[in-house]
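Listed below are the residues making up each chain.
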Amino acid sequence: MPNSVCSIPKIMGIMNVTPDSFYARSRIDAKQSINYTQYQHADIVDIGFESSRPGANPISEKVELNRLFEFCGNLENFEQTLSIDTYKPNVAKIALENGFNMINDIMGGGKNGEMLEIASLFECPIVLMHMKGNPAIMQNRPFYDDVMDELLLFFENKLELAKEIGVNDNQIILDPGIGFGKNITDNDMIVNRINQLKKLGFPILIGLSRKSFLSINEDGAEDRLPATLGVTALAVQNGADIIRTHDVEDTYRMLCVLSRILENNNIKNEPANYAI
């Protein structure tokens with residue numbers, strides 16, 4: 001069921017129907033039984049059929065669609081908003097025709113707004129993410145003069161394009177793309193300066209779950225839950241509206257306590273205008 005206690009932020013649970021996503025425990029085999037209860041406190045379930053981990057090579061549209069079609073029989077078991085995690089417009093279109101309600105695009109709507117066209121056609125929410133390069137090369141020594149300046153310019157251009165195409169403001173969610181072509185310092189700066197992105201006037205999605213910038217002594221993704229929850233709390237206090245996470249239940253419980261504390265101290269974030 002959707003998150004009913006914690007009003008800030010919304011929770012997006014990650015479901016990877018892939019054999020190679022970076023966190024092995026997040027991988028789902030569509031042919032096997034799925035534990036839907038682990039997503040019961042998610043507002044959104046973000047389902048991807050292609051890994052976008054650092055170093056990942058792209059798969060063909062045919063392979064991605066085959067995985068999608070194999071999974072579609074499970075969609076009726078969800079009550080949440082279902083997000084298709086893809087950068088291929090045709091995959092998004094077919095997913096939306098078959099029970100999905102939302103697009104999560106790591107390519108920020110496409111070079112020429114191709115994914116924005118799909119969002120406009122279906123009048124659905126779309127997450128526009130910033131990424132420098134592509135998954136195969138994005139972590140090869142990324143560099144910015146100022147990562148926040150680049151993010152703001154990127155989003156301003158995307159928002160102008162979205163308006164030209166006819167996407168309504170309340171459909172748009174912005175994601176600074178932590179770990180997508182950023183080094184540790186860049187990621188830290190984004191978490192600390194979410195308020196700068198909030199000035200654009202759109203909900204901010206933060207996806208930092210178990211990522212390598214949270215590593216202590218070169219530990220693996222399976223050991224990064226404490227760091228994930230700690231930095232998630234900081235991101236929420238700094239204005240994040242949606243948290244994308246592998247660990248829905250742990251995140252939900254942490255947010256319930258955090259929400260209470262923020263409310264009791266009268267520093268609750270204003271709820272964003274969601275189309276979900």
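Higher on the page you've got the structure.
This structure is a prediction, so every number in the text was calculated from the model and none was measured.

*Asks:* Help me understand the pairing of strand β6 (residues 172-175) in this model?
*Replies:* The side chains of a regular strand alternate between both faces of the sheet. Burial along β6 is two-sided: the residues Ile172 and Leu174 and Ile173 and Asp175 are all buried. Direction of pairing for strand β5 (residues 126-129) relative to β6: parallel, over a ladder of four bridges. Within β6, the position partnered with Leu128 by the bridge is Leu174.

*Asks:* Can you walk me through the pattern of salt bridges in this structure?
*Replies:* Under the definition given, this model contains ten salt bridges. Note that Arg224 and Asp219 form a salt bridge whose closest N and O atoms lie 3.5 Å from each other. Accessibility classification places Arg224 together with Asp219 in one group, the buried group. Across the pair Glu249 and Arg253 runs a salt bridge whose closest N-O atoms are separated by 3.7 Å. Of the two residues, Glu249 and Arg253 are both situated in helix α8 (residues 248-264); the distance of four residues between them amounts to about one turn of the helix. Taking relative accessible area as the criterion, Arg253 reaches 54% and is therefore assigned exposed. Because the salt bridges share partners, they merge into one network encompassing Asp46, Asp85 and Arg244.

*Asks:* Just to check I follow, could you spell out the packing of helix α1 (residues 61-71) against helix α2 (residues 89-97) for this structure?
*Replies:* A pair of packed helices can be characterised by two numbers: the angle between their axes and the separation between those axes. Where α1 meets α2, the closest approach of the two axes is 10 Å, and the angle between their N-to-C directions is 15 degrees. What the angle tells us is that α1 and α2 run roughly parallel. Of the two elements, α1 crosses α2, and the hand of that crossing is right-handed. Contacts between α1 and α2 involve Glu61, Glu64, Leu65, Leu68 and Phe69 from the former and Asn90, Val91, Ile94 and Ala95 from the latter. Within the contact of α1 with α2, the residues separate by chemical class into six nonpolar, one polar and two charged.

*Asks:* Help me understand the packing of aromatic side chains in this model?
*Replies:* Any aromatic ring pair is given by two values, namely how distant the centres are and how the planes are angled relative to each other. A full pass over the atoms with the stated rule returns three aromatic pairs. Considering the side-chain rings of Tyr36 and Phe78, the 5.1 Å spacing of their centres and the 80 degrees angle between planes classify their relative orientation as edge-to-face. In this pair, Tyr36 sits in the loop between β1 (10-16) and β2 (44-48) while Phe78 sits in the loop between α1 and β3 (81-85), placing the two residues 42 residues apart along the sequence. Looking at Tyr36, the relative accessible area reads 24%, which means it is partly exposed. By relative accessible area, which is 11% here, Phe78 ends up buried. Directly above the aromatic system of Tyr144 lies the positively charged group of Lys132, at a separation of 3.9 Å from the ring centroid.

*Asks:* Explain the environment of Phe202 here, please?
*Replies:* As for its placement among the helices and strands, Phe202 is situated in the loop between α6 (194-198) and β7 (205-207). Judged by relative accessible area, Phe202 falls into the buried class, the value being 11%. Considering only alpha carbons, one finds Phe202 and Asp169, 33 residues apart in sequence, at a separation of 7.7 Å. Setting aside chain neighbours within four positions, we find Phe202 in contact with Leu159, Asp169, Ile172, Leu174 and Asp241.

Scoring rules and cut-offs
Residues numbered from 1 in each chain as written. Predicted model: local features only at pLDDT ≥ 70, side-chain atom pairs only at ≥ 80, totals over all residues. Heavy atoms only, no water. Buried < 20%, exposed > 50% of the residue type's maximum accessible area, 1.4 Å probe, protein only. Helix = DSSP H or I, 4+ residues; strand = E, 2+ residues; numbered from the N terminus. Pairing = 2+ DSSP bridges. Salt bridge = Lys/Arg side-chain N within 4 Å of Asp/Glu carboxyl O. Axes fitted to C-alpha atoms, helices over the stretch in contact; angles between N-to-C directions. Parallel < 35°, antiparallel > 145°, perpendicular 65-115°, else oblique. Left-handed = near helix turned anticlockwise from the far one by under 90°. Contact = heavy atoms within 4.5 Å. Nonpolar A, V, L, I, M, F, W, Y, C, P; charged D, E, K, R; others polar. Phe/Tyr/Trp six-rings, centres within 6.5 Å; stacked < 30°, edge-to-face > 60°. Lys NZ or Arg CZ within 6 Å of the ring centre and 35° of its normal.

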